[in-house]
Amino acid sequence: MKNKIIFLIANILTLCFEIFAKGAVCIFATPEKTIPEYFSYFSLTPYGYANFGPFITAVLTCVLFIFAVMMFTHLSAKIRKAVKIVSLISVITSFLPLIMFGVRYFNIYSCIITALLIVQFIITLLKGETKNEIC
């Protein structure tokens with residue numbers, strides 16, 4: 001039960017950072033300088049400029065939220081496996097701006113979101129105390 005609560009809290013915190021923080025970065029250039037602009041993970045502007053990671057991560061976090069709520073009522077082996085896969089993919093997509101564009105596209109909010117997603121993934125790997133735990 002403790003793992004489920006931690007998973008849900010980490011997921012809610014992740015969603016809050018994705019909605020309210022400016023973690024998605026686009027860097028626009030003028031002839032004289034470059035100008036970084038910051039967006040919510042749910043904004044389609046970075047997605048339109050080929051920064052796909054933040055929006056995909058936000059969608060996967062919403063899917064993980066649905067799974068987190070489902071874990072309190074019913075948790076089958078298929079759902080456990082889906083949670084593991086989706087949480088792993090969300091961690092990978094959260095690193096996409098760093099991998100594709102470099103450090104300038106990965107700010108402190110991106111680091112916090114990625115860390116929270118890693119926490120969720122680790123929780124899915126932990127061995128549960130009973131059959132109905134996450135793993």
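What counts, and at which threshold
Residues numbered from 1 in each chain as written. Predicted model: local features only at pLDDT ≥ 70, side-chain atom pairs only at ≥ 80, totals over all residues. Heavy atoms only, no water. Core = buried A, V, L, I, M, F, W, Y, C linked by side-chain atoms within 4.5 Å. Buried < 20%, exposed > 50% of the residue type's maximum accessible area, 1.4 Å probe, protein only. Helix = DSSP H or I, 4+ residues; strand = E, 2+ residues; numbered from the N terminus. Contact = heavy atoms within 4.5 Å. Expected span 1.5 Å × (residues − 1). Arc of directions from axis to C-beta. Phe/Tyr/Trp six-rings, centres within 6.5 Å; stacked < 30°, edge-to-face > 60°.

(A) Focus on the nonpolar core. Counting 21 residues, the largest nonpolar core has Phe7, Leu64, Phe67 and Val83 as the members making the most contacts within it. Elements represented by at least two residues in this core include exactly helix H1 (2–20), strand E1 (24–29), helix H3 (53–70), helix H4 (77–94) and helix H6 (108–125). What Leu64 contacts, discounting residues up to four positions off in sequence, is Phe7, Asn11, Val83, Val86, Ser87, Ser90, Leu117 and Gln120.

(B) Spotlight on H4. When the terminal C-alpha atoms of H4 are compared, their 26 Å separation across 18 residues agrees well with the 26 Å that a helix rising 1.5 Å per residue should span. If you check which residues of H4 are buried, you get Ile79, Arg80, Val83, Val86, Ser87, Ser90, Val91, Thr93 and Ser94. Projected down its long axis, H4 carries its buried residues within an arc of 165°, all on one side. Pointing more than 90 degrees away from the buried face of H4 are the exposed residues Lys78 and Lys81. Here the buried face of H4 lies against H1, H3, helix H5 (96–101) and H6.

(C) View of H1. With 19 residues, H1 ought to run about 27 Å at 1.5 Å a step, and its terminal C-alpha atoms sit 27 Å apart, in line with that. Three or more residues of H1 are buried, namely Asn3, Lys4, Phe7, Leu8, Ala10, Asn11, Thr14, Leu15 and Glu18. When H1 is viewed along its axis, its buried side chains cluster within an angular range of 165° and face the same direction. The exposed set on the far side of H1, more than 90 degrees from its buried face, consists of Lys2 and Phe20. Against the buried residues of H1 lie H3, H4 and H6.

(D) Spotlight on the packing of aromatic side chains. One pass over the full model with this rule turns up five aromatic pairs. With a centroid separation of 5.0 Å and an interplanar angle of 80°, the aromatic rings of Phe28 and Tyr49 are classed as edge-to-face. Note that Phe28 is positioned in strand E1 and Tyr49 in the loop between helix H2 (45–48) and H3, a separation of 21 residues in sequence. Look at Phe28 and you get partly exposed, because its relative accessible area is 26%. Given the relative accessible area of 53%, Tyr49 is considered exposed. Judged by centre distance (5.7 Å) and plane angle (65°), the rings of Tyr47 and Phe55 are edge-to-face. By relative accessible area, which is 24% here, Phe55 ends up partly exposed.

By themselves, these figures tell us nothing about what the structure is for.
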